[in-house]
Amino acid sequence: MSSLVGIRIPQEFTVDAAMVAVSNGDLVETVYTHDMRKKTFHYMLTIPTAASNISLAIGPFEILVDPYMHEVTHFCLPQLLPLLKHTTSYLHEVFEFYEEILTCRYPYSCFKTVFIDEAYVEVAAYASMSIFSTNLLHSAMIIDETPLTRRCLAQSLAQQFFGCFISRMSWSDEWVLKGISGYIYGLWMKKTFGVNEYHHWIKEELDKIVAYELKTGGVLLHPIFGGGKEKDNPASHLHFSIKHPHTLSWEYYTMFQCKAHLVMRLIENRISMEFMLQVFNKLLSLASTASSQKFQSHMWSQMLVSTSGFLKSISNVSGKDIQPLIKQWVDQSGVVKFYGSFAFNRKRNVLELEIKQDYTSPGTQKYVGPLKVTVQELDGSFNHTLQIEENSLKHDIPCHSKSRRNKKKKIPLMNGEEVDMDLSAMDADSPLLWIRIDPDMSVLRKVEFEQADFMWQYQLRYERDVVAQQESILALEKFPTPASRLALTDILEQEQCFYRVRMSACFCLAKIANSMVSTWTGPPAMKSLFTRMFCCKTCPNIVKTNNFMSFQSYFLQKTMPVAMALLRDVHNLCPKEVLTFILDLIKYNDNRKNKFSDNYYRAEMIDALANSVTPAVSVNNEVRTLDNLNPDVRLILEEITRFLNMEKLLPSYRHTITVSCLRAIRVLQKNGHVPSDPALFKSYAEYGHFVDIRIAALEAVVDYTKVDRSYEELQWLLNMIQNDPVPYVRHKILNMLTKNPPFTKNMESPLCNEALVDQLWKLMNSGTSHDWRLRCGAVDLYFTLFGLSRPSCLPLPELGLVLNLKEKKAVLNPTIIPEAVAGNQEAASNPSSHAQLVGFQNPFSNSQDEEEIDMDTVHDSQAFISHHLNMLERPSTPGLSKYRPASSRSALMPQHSSGCDSTAATKPQWSMELTRKGAGKEQSPLEMSMHPVATAPLSVFTKESTSSKHSDHHHHEHKKKKKKHKHKHKHKHKHDSKEKDKDPFTYSSPASGRSARSPLFQTEKGTKSPFPLCPEECI
């Protein structure tokens, strides 16, 4: 449960005189020391606040008081004040919007925005202040960054209301805060950028969450946990625990936030926006009243929101029961997959619609409930609500119009507009123009609908919903016909069409042109259109002087050449005409009279050059040098080199041109035109370059590592993950390696070896324990490379046990050679041979006392394994001496990290100490001859263990002694740990063969072996 810090929180920070300390609450005073070298800032926060929302930023900040709202103050690093003024000039409008829709004033007495370098994330919201990356600052000349930065500012301000002022009751209620803040941020976006941009954003977010859930198996918004056992884990399909925020994959957490605001939108569809905003107002009003109760802290619970409390507020305000919706989308994971097709029954004048569901694939669920279908007929657009009940649904929808395509009459659309259509392409017997499934996106779904190509073309031309147009463009890629070409060209020429739809149409037209390459007539696709729109009338190959006053034209102008460069002729080469055209655009680019910067436009021209590159054709395996370059490639390389040199003299905003140049050079390398060498990228990836340049260079090194299977570069990347001073860069490297891995668990690779396993194991256990995002990124990478099973590159485990905790059995690891050792002599002559344990009984219980195993008491198994592994000494796994000191023989492998609860114990629940007496020594023949003892019955071990130092942990006379036994064993382990404190605290890797949680000690099918996550981060 979130706890709130006291009502009047004084904060004092003493810094150098040249520095400024920015923290939560109001600045009370600033006091200098006697020598005037230091000063102390006194802040006072008068509102109860969760500890996680307390922040501090110290730096040589320049200060700007917002000219529109004097209670708002902005801070930036030196020399950036002009950029700060422009970037934050819009913020007061965001304040006004949120206060208006929530009918509630901003809850704090002040607000501070702080722009810092090397930020952990781009946007971080805290009580009464937000911390941003300084890279978000921009001037009035920059077009592309402006909407992105404004969205970041609006996002952080939404979280001030829900996330900082109102906190969550527990981690399971996180979705409520993320959902509400994302929802009101979406309302701001709709008001600021328009309905089309809002619908496009919702479609984009929906596609992202659908793709992620189908790939990983689902995102659960409101996890409910039982007794902590594995079978009670609601997300057993994941390789990490969702019990705590600090064990989540970063990508999962991002998708979690995405799904939360989409579900909040579904609730709005159910109860209406008016009731939704009333609920938010009620939550804020109660919290505001509670925050003013200075001496009644029991009232502060109103400042914590829970799932049940939120649903109760909805019920009280709207009077509607949304429990089925919550059960469908919040209490269970997965999305819906619809497959639709139709047939028109002319005799009955009925549309026979069939909708199937796939709810057996990972990440899917069965949907039962209403589903809206929109049918555009000759007489207008009609909505129908179907009730989805079974897996396969056949539904008859009566049509309102007869087929009469020969009659000239305007056709009414959904928005009331009436248009003339050329109906010659449609079916003569059918009045149907197009059909849409769930047009309002009121279900988290993926829809695959089959209809004729002319229906998609009509939908693209005449449907006014941008989502419908995007769906049409995607579908038309499968229909490369002259009619599709004409429909896409018409969209490109329509200036009133949404700019993002026109941009998508460019790339679709390029794909269709490539499919129609043998029958294509006329100039290359889009060339004549671009010439007509943006080039001089007297000289078509010279582009006009840049004028970006029309942003829609600007985005189309920089997208069309990139799409044109994807065109290919019959020989699968970029047409010479297209390459010459792009080079002319670069050559004659003139930005002198333009009030906006053209850096993003020039970067797109370089991307276009990169898209035009095709694989090199080598003759007699000749080595590519600069002397024997293809003439076209030489021209491309010269332009890239010129741009790179110009960037060093006149750097562009955020070095966008350098970033594009680096990507283009990597494309030339991959296609065999220039020698593949990572040296250039490694130099640009070094600390000191701008972060965007570093990320682009690192992306190229990651790709080189995969393509060339370079172990040296992989080690260089892993070293940077461990040592780079910028946390964001370290996180991005792990993320890029996970998305573009050098190898995967299902393939053989020379890069897969014991040293790599050991390195990653240590990285995710102790090397990144200070940063949960890095640690979880390391876990994701490990899972991508090796999966949940034992890495194939490791040698056969020595005395590996498979522990089936459910059936209470322990058997020899199935990866061990099954042949049993015949006798002592063979064992002595072959130290690598392993005995086979056959019919191993339950080692956790006494045969005379059939009491049930208490799985929380795991010390018995630890003592048992420790005792018998002490009997069977063996040399350490070869090849790992440089990664693990010979003296270190302890393994501490937690099962699921319990996250960072304040009540978390310092010692993991599932730990196993496997001590070695003869570490580093060779085994004597006598010791080797002890291996066959493992084939003896369990009773032999049991008798012998009673005389060992762990005997008092093996037998219980009855269940009542369990608690006493646990307490006793804890003291014993404390004593043992003190003796071991002299050795460094290390985590043994799976490669060492000593980890109880490594793949050496696998669990049988039916129980999962999750990755260990350090509990050291607990605060």
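Values in this document were obtained by computation on a predicted structure and should not be read as measured data.

About the cut-offs
Position numbers for residues start from 1 in each chain and track the written sequence from start to end. Restriction of local features to residues with pLDDT of at least 70 applies here, the model being predicted, together with a cutoff of 80 or more for giving and counting side-chain atom pairs; totals for whole chains, interfaces and linings are based on all residues. As a rule here, side-chain values cover all heavy atoms of the structure and leave hydrogens and water aside. For helices the rule is a DSSP run of H or I covering at least 4 residues; for strands it is a run of E covering at least 2, with both sets numbered from the N terminus onward. Only protein chains enter the accessibility calculation, which uses a 1.4 Å probe. A residue is then buried if its area is under 20% of the maximum for its type, exposed if over 50%, and partly exposed in between. Only the protein chains shown count as covering a residue, and every accessible area follows the Shrake-Rupley method with a 1.4 Å probe. To obtain an axis, a line is fitted to C-alpha atoms, over the contacting stretch when the element is a helix, and the angle between two such axes runs from 0 to 180 degrees between their N-to-C directions. Any angle that falls under 35 degrees is termed roughly parallel, while one over 145 is termed roughly antiparallel, one within 65 to 115 roughly perpendicular, and all others oblique. By the convention used here, residues are in contact when the closest approach between their heavy atoms is within 4.5 Å. Ten residues, namely Ala, Val, Leu, Ile, Met, Phe, Trp, Tyr, Cys and Pro, are considered nonpolar, four, namely Asp, Glu, Lys and Arg, are considered charged, and the remaining ones, Gly among them, are considered polar. Strands were regarded as paired on the criterion that DSSP finds at least two bridges between them. How far a helix is expected to stretch is found by multiplying one less than its residue total by 1.5 Å. Any carboxyl oxygen of Asp or Glu that lies within 4 Å of a side-chain nitrogen of Lys or Arg is treated as forming a salt bridge with it. The pLDDT score gives, residue by residue, the confidence of the prediction method on a 0 to 100 scale. Pairing of N or O atoms within 3.5 Å defines a polar contact, subject to two protein rules: one partner must be a possible hydrogen donor and the other a possible acceptor, and residues neighboring in sequence count only if both atoms are side-chain atoms. Within this analysis, the arc is defined by the directions that extend from the helix axis to the C-beta atoms. As used here, the term nonpolar core means buried Ala, Val, Leu, Ile, Met, Phe, Trp, Tyr and Cys residues forming a set that is joined through side-chain atoms within 4.5 Å. When charges are counted, Lys and Arg contribute as positive and Asp and Glu as negative, whereas His and the chain ends are disregarded. For a crossing to be left-handed, the near helix must be turned anticlockwise from the far one by less than a right angle; the clockwise case is right-handed. Aromatic pairing here means that ring centres of Phe, Tyr or Trp (its six-membered ring) are within 6.5 Å. Orientation follows from the plane angle: under 30 degrees is stacked, over 60 is edge-to-face, and everything else is tilted. Remark: a charge is flagged as sitting over a ring if the NZ atom of Lys or the CZ atom of Arg is within 6 Å of the ring centre and within 35 degrees of the ring normal. A residue counts toward a patch only above 30% relative accessible area and without a salt bridge, and it is joined to like-charged neighbours within 9 Å or, for Val, Leu, Ile, Met, Phe, Trp and Tyr, to nonpolar neighbours within 5 Å.

### Topic: the overall build of the chain
Argument step 1. Secondary structure summary: the chain contains 30 helices and 25 strands in total.
Argument step 2. Within the chain, buried positions represent 54% of all 1019 residues.
Argument step 3. When the accessible surface of the chain is split by element, carbon and sulfur atoms take 53% of a total near 46,200 Å².

### Examining the packing of helix α10 (residues 453-462) against helix α12 (residues 482-493)
Argument step 1. In the contact formed by α10 and α12, the axes pass within 10 Å of each other and the chain directions differ by 10 degrees. As far as their axial angle goes, α12 and α10 are roughly parallel. Contacts between α10 and α12 pair Gln457, Leu460 and Arg461 from the former with Ala483, Ser484, Leu486, Ala487, Leu488, Asp490 and Ile491 from the latter.
Argument step 2. Here the contact of α10 with α12 is composed, by residue class, of 6 nonpolar, 2 polar and 2 charged.

### Details of the sheet that holds strand β11 (residues 123-126)
Argument step 1. Read from one edge of the open sheet, 5 strands run β8-β9-β10-β12-β11, paired in mixed fashion. Edge positions in the sheet fall to β8 (62-65) and β11, since each has one partner strand and no second. For this sheet, the mean angle separating the axes of adjacent strands, direction not counted, is 15 degrees.
Argument step 2. Relative to strand β10 (residues 111-116), strand β9 (residues 72-76) runs parallel, the two being bridged by 4 bridges.

### Quick word on helix α16 (residues 576-587)
Argument step 1. Here α16 contains 12 residues, and its C-alpha end-to-end distance of 16 Å stays within 8% of the 16 Å for a straight helix at 1.5 Å per residue.
Argument step 2. Residues of α16 that are buried: Val578, Leu579, Phe581, Ile582, Leu583, Asp584, Leu585 and Ile586.
Argument step 3. Lining the buried residues of α16 we find α14 (527-534), α15 (551-564), α17 (599-611) and α18 (631-649).

### Brief notes about the pattern of salt bridges
Argument step 1. Scanning all chains against the criterion turns up 34 salt bridges.
Argument step 2. Among the salt bridges present, the one from Glu417 reaches Arg464, with a minimum N-O distance of 3.1 Å. Here Arg464 lies in the loop between α10 and α11 (466-476) and Glu417 lies in the loop between β20 (411-412) and β21 (418-419), a separation of 47 residues in the sequence.
Argument step 3. The class for Arg464 is partly exposed, based on a relative accessible area of 35%.
Argument step 4. Measuring nitrogen to oxygen at the nearest pair gives 3.0 Å for the salt bridge that ties Asp692 to Arg654. Of this pair, Asp692 sits in helix α21 (residues 691-708) while Arg654 sits in the loop between α18 and α19 (656-670), and the two are 38 residues apart along the sequence.
Argument step 5. Since its relative accessible area comes to 22%, Asp692 is described here as partly exposed.
Argument step 6. Where salt bridges share partners, they join Asp144, Lys558 and Glu604 into one cluster.

### Here's the deal with the confidence of the model for the chain
Argument step 1. For the chain, the mean per-residue pLDDT works out to 82, and 75% of the residues sit at or above 70.
Argument step 2. With pLDDT under 50 throughout, residues 977-987 is counted as low confidence; its partners more than four residues away or in other chains account for 17 contacts.
Argument step 3. A low-confidence stretch, residues 993-1019 stays under pLDDT 50, and its non-local contacts, those more than four residues away or across chains, total 118 contacts.

### A word on the environment of Phe280
Argument step 1. For Phe280, the position within the fold is in helix α7 (residues 273-291).
Argument step 2. Classification of Phe280 by relative accessible area gives buried; the value is 0%.
Argument step 3. Once residues within four sequence positions are removed from consideration, Phe280 is found in contact with Leu102, Phe162, Ile180, Tyr183, Ile184 and Phe310.

### Observations concerning the pairing of strand β3 (residues 20-23)
Argument step 1. On β3, burial covers both faces: Val20 and Val22 on one face and Ala21 and Ser23 on the other are all buried.
Argument step 2. Bridge analysis of β3 against strand β7 (residues 56-59) gives 4 bridges, and the strand direction is antiparallel. Bridging across to β7, Val20 finds its partner in Gly59.

### So, the sheet that holds strand β22 (residues 432-437)
Argument step 1. Spatial strand order, β18-β17-β22: 3 strands in an open sheet with antiparallel pairing. Of all strands in the sheet, those with a lone pairing partner are β18 (380-388) and β22, marking the two edges. Between one strand axis and the next, the sheet turns through 20 degrees on average, direction left out of account.
Argument step 2. Pairing between strand β17 (residues 369-377) and β22: 5 bridges, direction antiparallel. Bridge pairing in β22 links Thr374 to Arg436.

### Here's the deal with the pairing of β8
Argument step 1. Here β8 runs beside β9; their pairing, made up of 4 bridges, is antiparallel. Each bridged residue has a counterpart across the sheet, and for Ile63 the counterpart in β9 is Phe75.
Argument step 2. Connecting β8 to the next strand, β9, in antiparallel fashion are 6 residues.

### Overview of the environment of Lys558
Argument step 1. As for its position among the elements, Lys558 is in helix α15.
Argument step 2. With 43 residues separating them in the primary sequence, Lys558 and Tyr601 have C-alpha atoms 5.4 Å apart.
Argument step 3. Apart from the residues within four sequence positions on either side, Lys558 is in contact with Asp144, Tyr601, Glu604 and Met605.
Argument step 4. For Lys558, the side chain forms a polar contact with the side chain of Asp144, separated by 3.2 Å.

### Concerning helix α8 (residues 307-318)
Argument step 1. Its 12 residues give α8 an end-to-end C-alpha distance of 16 Å, which sits within 8% of 16 Å, the value for a rise of 1.5 Å per residue.
Argument step 2. Looking only at α8, the buried set comprises Thr307, Phe310, Leu311, Ser313, Ile314, Val317 and Ser318. Relative to the axis of α8, the buried residues are bounded by an arc of 155 degrees and lie together on one face. Of the exposed residues in α8, those oriented more than 90 degrees away from the buried face are Ser308, Lys312 and Asn316.
Argument step 3. Once α8 ends, the next one or two residues include Gly319, with phi positive near 75 degrees.

### Section: the nonpolar core
Argument step 1. Counting residues in each nonpolar core, the largest one holds 248 residues, and the members touching the most others are Tyr98, Phe162, Trp175, Ile267, Phe280 and Phe310.
Argument step 2. At 12 residues, the largest contribution of residues to this core is made by helix α6 (residues 250-271).
Argument step 3. Membership of the second largest hydrophobic core comes to 13 residues, among which are Ala21, Phe61, Phe75 and Val114.

### Re the side chain of Lys39
Argument step 1. Turning to its location among the elements, Lys39 is positioned in strand β5 (residues 38-45).
Argument step 2. The buried charged residue Lys39 lacks any salt bridge, with Asp16 as its nearest oppositely charged partner at 10 Å.
Argument step 3. Within the local environment of Lys39, its side chain forms a polar contact with the backbone oxygen of Met19, the two atoms lying 3.2 Å apart.

### Notes on the packing of α14 against α16
Argument step 1. The contact between α14 and α16 brings their axes to 12 Å, and the two run at 20 degrees. Taken together, the axis directions place α14 and α16 in an arrangement best described as roughly parallel. Between α14 and α16 the crossing geometry is left-handed. Where α14 approaches α16, its residues Lys527, Phe530 and Thr531 are matched on the opposing element by Glu577, Phe581 and Leu585.
Argument step 2. Across the contact of α14 with α16, the residue classes tally to 3 nonpolar, 1 polar and 2 charged.

### Topic: unusual backbone geometry
Argument step 1. Unusually for a residue other than glycine, Asn572 sits at a positive phi of about 60 degrees.
Argument step 2. Within the element layout of this structure, Asn572 appears in the loop between α15 and α16.
Argument step 3. For His655, which is not a glycine, the phi torsion comes out positive at approximately 50 degrees.
Argument step 4. Among the secondary structure elements, His655 is positioned in the loop between α18 and α19.

### Points about the packing of aromatic side chains
Argument step 1. With the rule as written, the count across this model stands at 44 aromatic pairs.
Argument step 2. The interplanar angle of 55 degrees and the centroid separation of 6.4 Å between the aromatic rings of Phe13 and Tyr43 together place this pair among those described as tilted. Taken together, the residues span a long stretch of sequence, with Phe13 in strand β2 (residues 9-16) and Tyr43 in strand β5 at a distance of 30 residues. An identical accessibility class is assigned to Phe13 and Tyr43; each is buried.
Argument step 3. Taken together, the ring pairs in this structure connect Phe95, Phe97, Tyr98, Tyr106, Tyr108, Phe111, Phe161 and Phe165 into an aromatic cluster.
Argument step 4. The ring of Trp520 carries the charged tip of Arg485 above its face, separated from the ring centre by 3.5 Å.
Argument step 5. Across from the ring centre of Phe783, 3.9 Å away, lies the NZ or CZ of Lys745, which sits over that ring.

### Here's the deal with a nonpolar patch on the surface
Argument step 1. Side chains of Met646, Leu649 and Leu650 sit close together on the surface and give an oily, nonpolar patch of about 340 Å² of accessible area.
Argument step 2. With respect to the helices and strands, Met646 occurs in helix α18.
Argument step 3. For Met646, a relative accessible area of 39% puts it in the partly exposed group.

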